[in-house]
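Below are the chains, spelled out letter by letter.
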Amino acid sequence: MTNVVLLGATGSIGRSAVRVLRRHADRFRVVGLTADRSAHDLEALAAEFDPEFAVLAGVDPDEHAPSDWTGEWRYGRPALAEAAADPRADVVINALVGF
């Protein structure tokens, strides 16, 4: 099983990567997901893939009331950089624009 962190999971490139991860769920385990401000979409992906953590890079923690997913929420640009360097990841998919 290959551990994956997906940066920019809610954008167009990220959604394409999500389709591949779904299709090959027997080969990939999502350990981290990130998005800029698309909290609702990221929450749905977190509920589906149950990663170790999810990052909202462009959202202040006071602005986000997490849904039923009980994993670890992280916030801000530093959390995005930490996700990219997470030691559990065998593969990091960068679907970000301009980072």
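Before reading on, note that the structure itself is shown above.
Residues numbered from 1 in each chain as written. Predicted model: local features only at pLDDT ≥ 70, side-chain atom pairs only at ≥ 80, totals over all residues. Heavy atoms only, no water.

## Some thoughts on the environment of Ala 44
Its location among the elements puts Ala 44 in helix α2 (residues 39-49). Judged by its relative accessible area of 45%, Ala 44 falls in the partly exposed class. For Ala 44 and Ser 67, which are 23 residues apart along the polypeptide, the C-alpha to C-alpha distance reads 8.9 Å. (Helix = DSSP H or I, 4+ residues; strand = E, 2+ residues; numbered from the N terminus. Buried < 20%, exposed > 50% of the residue type's maximum accessible area, 1.4 Å probe, protein only.)

## Side note on helix α1 (residues 12-23)
Helix length check: α1, at 12 residues, gives a terminal C-alpha distance of 17 Å against a target of 16 Å (1.5 Å per residue), a fit within 8%. Of the residues making up α1, those classed as buried are Gly 14, Ala 17, Val 18 and Leu 21. Viewed along the axis of α1, the buried residues span an arc of 105°, placing them on a single side of the element. Pointing more than 90 degrees away from the buried face of α1 are the exposed residues Ser 12 and Arg 23. For α1, the elements touching its buried residues are β1 (2-7), β2 (28-35), α2 and β5 (91-94). (Expected span 1.5 Å × (residues − 1). Arc of directions from axis to C-beta. Contact = heavy atoms within 4.5 Å.)

## Brief notes about the pattern of salt bridges
Evaluation of the coordinates by the stated rule reveals seven salt bridges. Across the salt bridge formed by Glu 52 and Arg 29, the nearest N and O atoms sit 2.4 Å from each other. In this pair, Glu 52 sits in the loop between α2 and β3 (53-56) while Arg 29 sits in strand β2, placing the two residues 23 residues apart along the sequence. We note a salt bridge from Glu 52 to Arg 88, for which the minimum N-O separation is 3.8 Å. Note that Glu 52 is positioned in the loop between α2 and β3 and Arg 88 in the loop between α3 (77-84) and β5, a separation of 36 residues in sequence. (Salt bridge = Lys/Arg side-chain N within 4 Å of Asp/Glu carboxyl O.)

## Points about the pairing of β2
Taken across its eight residues, β2 has six buried, putting it largely inside the fold. The pairing of β1 with β2 spans five bridges and is parallel. For Thr 2, the partnering residue across the bridge sits in β2 and is Phe 28. Taking the sense of rotation as the criterion, the β-α-β connection linking β1, α1 and β2 turns out right-handed. Relative to β3, β2 is paired through four bridges, and the arrangement is parallel. Paired with Leu 33 across the bridge in β3 is Ala 54. Between β2 and its parallel partner β3, the chain crosses via α2, and the hand of that crossover is right-handed. (Pairing = 2+ DSSP bridges. Right-handed = clockwise from strand over helix to strand, strands pointing away.)

Note that every value here comes from positions in space, so none of it alone points to a role or purpose.
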